[in-house]
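Spelled out, the chains give:
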Amino acid sequence: MSFYKQVLYLLFCRMQTDCNPMEVNGVSQSEENELNGFDGTDIKDMRLEAEAVVNDVLFAVNNMFVSKNLRCADDVAYINVETRERNRYCLELTEAGLRVVGYAFDQVDDHLQTPYHETVYSLLDTLSPAYRDAFGNALLQRLEALKTDGQS
């Protein structure tokens, strides 16, 4: 990846993660924790995490959804994705990150040893050149919109 594309990629990722949804609603994370009786233990519902992953990159793939056939739990969720090249994958989402666990929807091959990726962006970047193009185009559109807003 060229230096320019790396910078754009980092900017886009930054734009995706700068906003804390709890602050947008006017409730801080600590206030939300108190309201829910949260004791400070870092427990995540991976189905919710998986839904967020899908929503982040759905624009750049043909199809992506959380599996309804494979078991989701507090520590694991499965996501089916079809790239723009029409390749299908089953992804596992855990605290370690995301990795390919199958080459068809709802398929888990226990013998498949694939690396974990910290982000869905990184994983799709390795799987799909068309994802990279769509991601880059979306980023350029966002930068152009920011430029236009700044000139107003």
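Throughout, residues of each chain are indexed from 1 in the direction in which the sequence is written. Thresholds applied to this predicted model are a pLDDT of at least 70 for local features of residues and 80 or more for the giving and counting of side-chain atom pairs; totals over whole chains, interfaces and linings are not thresholded and use all residues. Heavy atoms from the whole structure form the basis of all side-chain values; hydrogens and water molecules are not counted.

Identification of the protein as GSK3B interacting protein from Equus asinus is taken from an unreviewed UniProt entry.

A.B. asks: Mind showing me how you'd approach the sheet that holds strand 2 (residues 77–82) here?
C.D. replies: Through backbone hydrogen bonds, the strands of a sheet pair up, either in parallel or in antiparallel fashion. An order of 1-2-3-4 is seen for the four strands of this open sheet, with the pairing classed as antiparallel. Every other strand in the sheet has two partners, leaving strand 1 (63–66) and strand 4 (97–102) as the edge strands with one partner each. The average angle at which neighbouring strand axes cross in this sheet is 25°, direction not considered. Only strands joined by at least two bridges in the DSSP assignment are considered to pair. Helix numbers and strand numbers start at the N terminus; a helix is a DSSP run of H or I with at least 4 residues, a strand a run of E with at least 2. In this structure, strand 1 lies alongside strand 2, joined through four bridges in antiparallel fashion. Axes here mean lines fitted to C-alpha atoms, for a helix over just the part in contact, with angles spanning 0 to 180 degrees between N-to-C directions.

A.B. asks: Explain unusual backbone geometry here, please?
C.D. replies: Working note: non-glycine residues mostly have negative phi, and peptide bonds are mostly trans. A positive phi angle, near 75°, is found at Arg86, a position not held by glycine. In this fold, Arg86 is placed in the loop between strand 2 and strand 3 (88–94). The rule is simple: take the accessible area with a 1.4 Å probe, protein chains only, and divide by the maximum for that residue type; under 20% is buried, over 50% is exposed, in between is partly exposed. Assessed through its relative accessible area of 61%, Arg86 is described here as exposed.

A.B. asks: Whenever I open this one, helix 5 (residues 120–127) confuses me. Can you help?
C.D. replies: Each turn of an α-helix holds 3.6 residues, which means side chains three or four residues apart point in the same direction. In terms of residue burial, helix 5 counts as a mostly covered element, since six of its eight residues are buried. Within helix 5, burial applies to Val120, Tyr121, Leu123, Leu124, Asp125 and Leu127.

A.B. asks: I would appreciate a short explanation of the pattern of salt bridges in the present structure.
C.D. replies: Pairing is possible between side chains that carry opposite charge, provided their charged atoms lie close to one another. Salt bridge, as used here: a side-chain nitrogen of Lys or Arg that lies within 4 Å of a carboxyl oxygen of Asp or Glu. Tallied over the full model, the rule gives four salt bridges. Two residues, Arg86 and Glu82, come together in a salt bridge whose shortest N-O distance is 3.4 Å. Note that Glu82 is salt-bridged to Arg88, the shortest N-O span being 3.0 Å. When salt bridges with common partners are traced through the structure, they connect Glu82, Arg86 and Arg88 into a single cluster.

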